[in-house]
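As a plain string of letters, each chain reads:
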Amino acid sequence: MSYTDIVIMLPVAAKTELNVPGGSIPQDMACYLDKIKEVSFYECDRRIAESVERFWLGEFWLADMTDTYKEVERWLPVDLVLVYQRSTGLGIAQIFIENFQHNPTQIGDMVSSENLFFFVGGKGKTPPSLEEAVEKIQVSRFLSERFGLVKNGTSRVMYTLSLEDKNMEDLVYLLAGESNVSQNIEYRLQNSELEAAADQNIAMYDFYELYVSGRSLVYMLKDMKDSFAGNLPEEVLMIYICEIAVLQNAALCRINRQITDELLCDSNISSKTSLAMQMEFGKTILLWDNNIYKYDVPQRLSAHIVKSFGTGELYEEYTKNSRHLEQIAMLKNNIASEREGAVLNGLALILSIGQLVQLISAAVAYARKLPVSANYTIAGCLGLLATVIFLLLLRRKMNRGILFCKKSK
């Protein structure tokens, strides 16, 4: 493959108030940020376009490594951009690799295995030495420590390359997110689903071909320019469609993780907890509009990509997890209500007995002034009244299953 533009998309969530650095932006990145903002308003619902911000976070050296991940083959100059939806706290850390002239399948392998590393020293004019050991930091850790952004879901890679470089075996490896020059294994990849994805061109126009899997999107242009700026008019809409799909995944991954953590925690599950999580997820409602895009073609293309990214399966998991959480919260509320009811019933019984004692005392005092036969009659009536009240309370308790319940050993 002669030349490839690569965009790595890492879904993130802000754990603190976002604080991004200022400073001048390189011309190609400034052009990109302006162009994608323009495209978002032209192609998409205005509410979505206005809700998403983009920040250039700086230039860095990214380690291009073999799949043993013990040695760096070369250092790649990259730009780091943050796509951020402030209302939801969700975002995408995008790593732009321009004019990549080596094996792109290894980049996919690095993303799949989460072996993305920056040079700690930042971005200088010359790359770090390959001869000497240099300190590097995992990208996910760097994002967390520097910007308060935690990884939140599966990373995706978008490759833009020339249709002249199309090779079915390479395409399968790009879609799989694995290296085709592995130093760990000698056998070759064979998978009918990936082969089918490599054979299914989902392009909507005739100037490109498009292939997508759960990990990757491969965009092949018939007229590939020799620079990122030259290909930007063709690339920018595809990048934007991927952004929305990745943000949808990020929203579902966060709520599913929160529900799972709550279920594992076990002790603090309540309706209030469930409501708080659902309200937070509800802030992502704009992402789920069936008519996000103004035109039919990007809407159809988005549907293909969303399906390949497994968003439907994530939503089913969310529905199942939510139902389970709500059921547990409801059962806990019922148990708490029964305990409160038992306490109230006990208090009612005590009050009833107290009132009955007062009534008996008053009746005895009155009976002393009556003949013996009248005393027996009053005592019998009071005894009958006390028995009826006791039996009614006893029946109520037994019907609710509270009385005589013991914990099983």
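The residue numbering used here restarts from 1 in each chain and proceeds along that chain's sequence as written. For a predicted model such as this one, the threshold for reporting local features is a pLDDT of at least 70, and the threshold for listing and counting side-chain atom pairs is 80 or more; totals across whole chains, interfaces and linings nevertheless cover every residue. Calculated side-chain values reflect all of the structure's heavy atoms, with hydrogen atoms and water omitted.

Across the six residues that make up strand 10 (residues 216–221), a large majority, six, are buried. One bridge is not enough; two strands pair if DSSP finds at least two bridges between them. Going along the chain from the N terminus, every DSSP run of H or I of four or more residues is numbered as a helix, and every run of E of two or more is numbered as a strand. Relative to strand 10, strand 8 (residues 156–162) is paired through six bridges, and the arrangement is parallel. Across the sheet, the residue bridging to Thr160 is Tyr219, located in strand 10. Hairpin connection, strand 9 (residues 208–212) to strand 10: the antiparallel pair is bridged by three residues. Under the scheme applied here, a residue whose accessible area is under 20% of the maximum for its type counts as buried, over 50% as exposed, and between as partly exposed, the area being computed with a 1.4 Å probe on protein chains only.

Overall, the predicted model of the chain reaches an average pLDDT of 84, with 78% of residues at or above 70. Confidence scores here are pLDDT values: one per residue, from the predictor, ranging 0 to 100. Contact between two residues is taken to exist if any of their heavy atoms lie within 4.5 Å; hydrogens are not considered. Predicted confidence for residues 402–409 stays below pLDDT 50, and this span has seven contacts to residues more than four positions away or in other chains.

Here we come to helix 1 (residues 27–43). Under the convention used throughout, the expected extent of a helix is 1.5 Å for every residue step, that is, one less than its residue count. Across its 17 residues, helix 1 extends 24 Å between first and last C-alpha, which sits within 8% of the 24 Å expected from 1.5 Å per residue. Taken residue by residue, helix 1 has Met29, Tyr32, Leu33, Ile36, Val39, Ser40 and Glu43 as its buried positions. Around the axis of helix 1, the buried residues are gathered within 135 degrees of arc, so they sit on the same side. Exposed residues lying more than 90 degrees from the buried face of helix 1 are Gln27, Asp34, Lys37, Glu38 and Tyr42. Residues of helix 1 that are buried sit in contact with helix 2 (46–51), strand 2 (52–65), strand 3 (72–85), strand 4 (90–100), helix 7 (228–265) and helix 9 (296–308). As used here, the arc is the angular range of directions from the helix axis to the C-beta atoms.

Another aspect to go through is the pattern of salt bridges. Two side chains of opposite charge can pair, provided their charged atoms sit close to one another. Salt bridge, as used here, is a side-chain nitrogen of Lys or Arg placed within 4 Å of a carboxyl oxygen of Asp or Glu. Tallied over the entire structure, the rule returns 14 salt bridges. Measuring nitrogen to oxygen at the nearest pair gives 3.9 Å for the salt bridge that ties Glu38 to Lys35. On the criterion of helical spacing, the pair formed by Glu38 and Lys35 is a turn pair, its members being three residues apart in helix 1. Relative accessible area serves as the criterion here: at 26%, Lys35 is assigned to the partly exposed category. Glu50 is the partner of Arg46 in a salt bridge, and the nearest nitrogen-oxygen pair spans 2.9 Å. Here Arg46 pairs with Glu50, and both are found in helix 2, just four residues apart, close to one helical turn. Overlapping salt bridges bring together Asp45, Arg47 and Asp289 as one network.

As for its placement among the helices and strands, Glu235 is situated in helix 7. Buried within the structure, Glu235 lacks any salt-bridge partner; its nearest side chain of opposite charge belongs to Lys225, at an N-O separation of 10.0 Å. When sequence neighbours within four positions are dropped, the list of residues in contact with Glu235 reads Asp5, Met158, Thr160, Tyr219 and Phe228. Two residue types count as positive, namely Lys and Arg, and two as negative, namely Asp and Glu; His and chain ends fall outside the count.

Burial of strand 9 is extensive: five of the five residues sit out of reach of the surface. Burial along strand 9 is two-sided: the face carrying Tyr208, Leu210 and Val212 and the face carrying Glu209 and Tyr211 are both buried. With five bridges connecting them, strand 9 and strand 10 associate as antiparallel partners. Its bridge partner being in strand 10, Tyr211 is matched across the sheet by Val218.

Put simply, a nonpolar core is a bunch of buried Ala, Val, Leu, Ile, Met, Phe, Trp, Tyr and Cys residues held in one set by side-chain atoms that sit within 4.5 Å of each other. Counting residues in each nonpolar core, the largest one holds 57 residues, and the members touching the most others are Tyr32 and Leu217. Of the residues forming this core, the biggest block, 18 residues, is contributed by helix 7. Filtering out sequence-adjacent residues up to four positions away, Leu217 remains in contact with Val157, Met158, Tyr159, Leu210, Tyr211, Val212, Met238, Cys242 and Ile305. Of all hydrophobic cores here, the second largest spans 49 residues; its members include Val12, Val78, Leu116 and Ala176.

Side-chain rings of Phe, Tyr and Trp (the six-membered ring for Trp) are treated as a pair once their centres are within 6.5 Å; stacked means planes under 30 degrees apart, edge-to-face means over 60, and tilted covers the remaining angles. Under the definition given, this model contains 17 aromatic pairs. Ring geometry for Phe60 against Phe118: centres 4.8 Å apart, planes inclined by 10 degrees, an arrangement best described as stacked. With a gap of 58 residues between them, Phe60 in strand 2 and Phe118 in strand 5 (residues 117–119) connect regions that are remote in the sequence. Residue Phe60 is classed as buried on the basis of its relative accessible area, which comes to 7%. Each ring, one from Tyr240 and one from Tyr293, has its centre 6.4 Å from the other, and the planes form 90 degrees; the classification is edge-to-face. In this pair, Tyr240 is assigned in helix 7 and Tyr293 in the loop between helix 8 (271–282) and helix 9, connecting sequence segments 53 residues apart. Exposure remark for Tyr293: the relative accessible area of 5% places this residue in the buried category. Each member of the aromatic cluster is reached from another via a ring pair, and the members are Phe60, Phe118, Phe142 and Phe147.

Here an axis means a line fitted to C-alpha atoms, over the contact stretch when the element is a helix, while the angle between two N-to-C directions is reported on a 0 to 180 degree scale. One can describe the packing of helix 3 (residues 104–112) onto helix 5 (residues 168–176) by two numbers: an axis separation of 8 Å at closest approach and a directional angle of 20 degrees. In terms of orientation, helix 3 and helix 5 fall into the roughly parallel class. Regarding helix 3 and helix 5, the two cross each other, and that crossing is left-handed. Packed against helix 3, whose contacting residues are Pro104, Thr105 and Ser112, the element helix 5 presents Asp170, Tyr173, Leu174 and Ala176 at the interface. For this classification, Asp, Glu, Lys and Arg are treated as charged, while Ala, Val, Leu, Ile, Met, Phe, Trp, Tyr, Cys and Pro are nonpolar and the rest, including Gly, are polar. The residue makeup of the contact of helix 3 with helix 5, split by class, is four nonpolar, two polar and one charged. Angle categories: roughly parallel below 35 degrees, roughly antiparallel above 145, roughly perpendicular from 65 to 115, and oblique for all the rest. The crossing is said to be left-handed when, going from far helix to near helix, the turn is anticlockwise and less than a right angle, and right-handed when the turn is clockwise.

Structurally, Asn249 can be placed in helix 7. Accessibility expressed as a relative area gives 5% for Asn249, which makes it buried. Polar contacts, as counted here, are pairs of nitrogen or oxygen atoms within 3.5 Å of one another; within protein the pair requires one atom able to donate a hydrogen and one able to accept it, and residues that are adjacent in sequence qualify only if both atoms are side-chain atoms. Looking at Asn249, its side chain comes within polar contact range of the side chain of Arg156, at 3.3 Å. Excluding residues that lie within four positions of it along the chain, Asn249 makes contacts with Arg156, Phe309, Thr311 and Leu314.

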